[in-house]
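# Descriptive structure summary
For reference, the chains in residue letters:
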Amino acid sequence: TRDQWRRVRCVAEPLGTNQFRVRADLWVPPVGEDESPDAAREQVEAVYRDTVVVEPPAVAADPFWSQAHGYHSYKGEAQRQAARAAVLAEPGQSMIVSLPTGRGKTAVAWSKALLSSSGSTVIVVPTVVLAMDMERRTRAHGTELKQQLSPVDRFAYVGDLDESTKRALREGLRNGTQRILYTSPEALVTGLAGPLLDAARAGHLRQIVIDEAHLVDQWGNEFRPEFQTLAGLVRTAVGASPSTARPSILLMSATLAQRHVDILQGLFPSARGDVDLIWGTQLRPEPAYFREAADDVPTQEAMVLDAVALLARPLILYVTRPRDAMDWARRLREAGVLRVATVTGDSTSQDRLRVVENWRGSRARSGERIRTSVDVVVGTSAFGLGVDMPNVRSVVHACLPETIDRFYQEVGRGGRDGKATLSLLVTAPSDYRQAESINSTVVIGDEVGWKRWRAMRDASVDLGNQRYRVSRETLPAHLPQGFGTSAQWNVRTLTLMAQAGIVRLLYAEPSKDDSQPSESAGMIDYQLLDGSKLQRDKWTAALQVARQSVHRAQAASLEAMKTVSDGAVCVGRLLARHYELRYAGGVLPTHPSCRGCPACRRTTDWDCRFRAGCRRNRNLPWTAFRSRP
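Residues numbered from 1 in each chain as written. Predicted model: local features only at pLDDT ≥ 70, side-chain atom pairs only at ≥ 80, totals over all residues. Heavy atoms only, no water.

## Here we look at the overall build of the chain
Of the regular secondary structure elements, the chain holds 23 helices and 24 strands. Here the chain holds 629 residues, and the buried ones make up 56% of them. Considering only intrachain contacts with a sequence separation of at least 6, the fraction spanning at least 24 residues in the chain is 74%. Summed over all atoms, the accessible surface of the chain reaches about 26,200 Å², with 49% contributed by carbon and sulfur. (Helix = DSSP H or I, 4+ residues; strand = E, 2+ residues; numbered from the N terminus. Buried < 20%, exposed > 50% of the residue type's maximum accessible area, 1.4 Å probe, protein only. Contact = heavy atoms within 4.5 Å. Areas by Shrake-Rupley, 256 points an atom, 1.4 Å probe, with all protein chains shown as cover.)

Written as structure tokens, this is what we have:
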């Protein structure tokens, strides 16, 4: 009806019975009185017009790049430097590779495997959905290049595989015929650990890749013990390999702040002790930033409902808690937005896979095209990591993210095809209290931590050379039972001790039989690094320093997020400062990039040099650094 068209900002001119000529009115998020409405309108129109914001200058391919991929050029200088570093890495070398989203990190990770006729590359990814999507892409690429990359044409080792396929993948990893294998951190440190170490000892392990490596910091502060032993397993594999056939380690991410790099250098040192850095970080040029501060929750809800109904799609609506996602999906359906789905940390792997398939319009395993049934995904921070959905046009936040890292990662789900996107942040006063609460990550205190460490130290088995093994379920004397969380708190205690330089977490090597429970299951190994800090006063002092470092980083990231919500500072400038890196005695910059934000729309020269795509900025060269301490 005409009234229904009017409610979604469309003008319907009657042409006859139940027939209309429909014209859409452009809807622009509300902007401040001192912001340029013309600038805001142009920035929104670019999203609907699929405007290509910026294209990196092509760089002629090296011969090995053409041989490996069939490509005739690189996506910029940064990708070329990363590709060269990856294929020329010395045995056992660790490298941090920072490349912008959409600039070919996957091709860099594949290169060593595609240039050899045997040997395995293991790629650790954060989600099952990403593992399945990468399996599809790898199979298609192998077929195009006429290369057999797996004896069973499978590439993702995930929980729902049948046991015969899992067995074949483990055997292919052991003998080096499974050239590329994707898996999760949990699967790697359990079912795949034995085959990984066997492959390493036999010299068949060519490369270990940690994708979305910035998450290691997040994993380090969560109740997920499997993630804590990942670095120990990697070190064990490198140490078990022949000196001339050690695997190289690639730690890949699009966004790395100072704390991320510091942690990665400590967790994944190379065989010779250092870590190479390939720094090609560049801010996303696609989003234009809008923000609205509501006085109360009902006003916030009305604003978000308007935005989701009227902004360009595909669209993601981000919230903080799973129950908020369910509530918002219900509100949207009641408002008439029916093609909506939810993905949260409570969703199963199959639920996530189904939503992404229906959203993207293709099967994850086969790539078969299907009819889409989802336009809007309501998700928490658990949604989106590495999901190959290139044409997301709008990202709306109905919350205040607890860190600027989370905000930027979620905004970066849009525009992976290089076309203009829109970010809208809508907050209510209660969001600030919630963000502060979530930002205050629980770091185990001195009294409880000391009791847990004493219990673990007393229960540890001496393996020699300052190495010890202890059960993760060890209970301190004051607890009669662990209530299902003892392992997590013990690992959290050891993790904080590792950050304080007292111990190094290692991997408790399993038995040879993958199909049988190992005596090392549920165990964790650690190496004592600094015995002088085992006295309680020195132990406490060391942990306080590590704890303060965690809290400072969290507080700074939250304050930066609050500055974004205030709209007083250019978002591009703020992000550039946050992702500036001090390394090896120098400073590696991240160049500002902003297609538009409240601060930029207030300046008379809103088409400034920080606006990606403007005439003065379109052809700026990319910056790539390769440095060694």
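## Some details on the packing of helix 20 (residues 486-499) against helix 21 (residues 536-566)
Two numbers describe how helix 20 lies on helix 21: the axes approach to 8 Å, and their chain directions differ by 90 degrees. On the basis of their axis angle, the class for helix 20 and helix 21 is roughly perpendicular. Across from Leu496, Met497 and Gln499 in helix 20, the residues of helix 21 making contact are Trp539, Leu543, Ala546, Arg547 and Val550. A breakdown of the residues in the contact of helix 20 with helix 21 according to their chemical character gives six nonpolar, one polar and one charged. (Axes fitted to C-alpha atoms, helices over the stretch in contact; angles between N-to-C directions. Parallel < 35°, antiparallel > 145°, perpendicular 65-115°, else oblique. Nonpolar A, V, L, I, M, F, W, Y, C, P; charged D, E, K, R; others polar.)

## Quick word on a nonpolar patch on the surface
A surface patch of nonpolar side chains, about 220 Å² in accessible area, is lined by Trp5, Val8 and Val22. Turning to its location among the elements, Val22 is positioned in strand 2 (residues 19-24). (Patch = residues over 30% accessible without salt bridge, like charges linked within 9 Å, V, L, I, M, F, W, Y side chains within 5 Å. Salt bridge = Lys/Arg side-chain N within 4 Å of Asp/Glu carboxyl O.)

## Some thoughts on the side chain of Gln178
Within the element layout of this structure, Gln178 appears in the loop between helix 7 (163-175) and strand 8 (180-183). Within the structure, Gln178 has its side chain in polar contact with the side chain of Ser150 (distance 2.8 Å). Residues contacting Gln178, with those up to four places away along its chain left out, are Gly119, Ser120, Leu149, Ser150, Pro151, Arg154, Phe155, Leu169, Gly172 and Leu173. (Polar contact = N/O pair within 3.5 Å; in protein donor to acceptor, adjacent residues only side chain to side chain.)

## Focus: the pairing of strand 17 (residues 421-427)
Among the seven residues in strand 17, seven count as buried, and that is most of the element. Burial of strand 17 is two-sided: the residues Thr421, Ser423, Leu425 and Thr427 facing one way and the residues Leu422, Leu424 and Val426 facing the other way are all buried. Strand direction decides the pairing type here: strand 12 (residues 287-293) and strand 17, joined by seven bridges, are parallel. Looking across to strand 17, one finds that Tyr289 is bridged to Ser423. Two strands pair when backbone bridges link them, and strand 16 (residues 394-397) and strand 17 are joined in this way by four bridges, in the parallel orientation. For His397, the partnering residue across the bridge sits in strand 17 and is Leu425. (Pairing = 2+ DSSP bridges.)

## Regarding the packing of aromatic side chains
For the structure on display, the rule yields nine aromatic pairs. Ring centres of Tyr408 and Tyr579 lie 5.7 Å apart, and the angle between their planes is 45 degrees; this geometry places the pair in the tilted category. Remark: Tyr579 occurs in the loop between helix 22 (571-578) and strand 22 (581-583) and Tyr408 occurs in helix 17 (residues 404-411); sequence separation between them is 171 residues. Each member of the pair, Tyr408 as well as Tyr579, is classed as buried. Centre to centre, the rings of Tyr468 and Tyr526 are 5.5 Å apart; their planes meet at 25 degrees, and the pair counts as stacked. Linking Tyr468 in strand 19 (residues 467-471) with Tyr526 in strand 21 (residues 523-528), this pair joins segments that are 58 residues apart in sequence. Neither residue differs from the other here; Tyr468 and Tyr526 are each classed as buried. Cluster of aromatic residues (ring-pair linked, three or more members): Phe64, Trp65, Tyr71 and Tyr74. (Phe/Tyr/Trp six-rings, centres within 6.5 Å; stacked < 30°, edge-to-face > 60°.)

## Examining the confidence of the model for the chain
Residues with a pLDDT of 70 or more make up 90% of the chain, whose mean pLDDT is 87. Every residue in residues 606-629 scores below 50 in pLDDT, and together they form 70 contacts with partners more than four places removed in sequence or on other chains. (pLDDT = per-residue confidence, 0-100.)

## Digging into helix 12 (residues 230-240)
Counting buried residues along helix 12, nine of its eleven residues qualify, which places the element largely inside the surrounding structure. Listing the buried residues of helix 12 in full gives Leu230, Ala231, Gly232, Leu233, Val234, Arg235, Thr236, Ala237 and Val238.

## Re the pattern of salt bridges
Pairing is possible between side chains of opposite charge, provided their charged atoms come close. Evaluation of the coordinates by the stated rule reveals 42 salt bridges. Between Asp34 and Arg602 there is a salt bridge whose closest N-O contact spans 3.7 Å. Of this pair, Asp34 sits in the loop between strand 2 and helix 2 (37-48) while Arg602 is found in helix 23 (residues 598-602), placing the two residues 568 residues apart along the sequence. Overlapping salt bridges, with partners in common, bring together Glu90, Arg272, Asp274 and Asp276 in one network.

## As for unusual backbone geometry
Between Arg313 and the following residue, Pro314, the backbone shows a cis peptide bond with an omega angle of 5 degrees. As for its placement among the helices and strands, Pro314 is situated in the loop between helix 14 (297-310) and strand 13 (315-318). Although it is not a glycine, Lys146 adopts a positive phi angle of roughly 60 degrees. Looking at where Lys146 falls in the secondary structure, it is placed in the loop between helix 6 (128-145) and strand 7 (156-157).

## Comments concerning the sheet that holds strand 15 (residues 376-379)
Strand-to-strand pairing in sheets goes through backbone hydrogen bonds, with the strands running parallel or antiparallel. One open sheet holds the six strands; their spatial order is 12-17-16-13-15-14, and the pairing between them is parallel. The open sheet has two edge strands with one neighbour each: strand 12 and strand 14 (340-343). Along the sheet, successive strands turn relative to each other by an average axial angle of 20 degrees, direction set aside.

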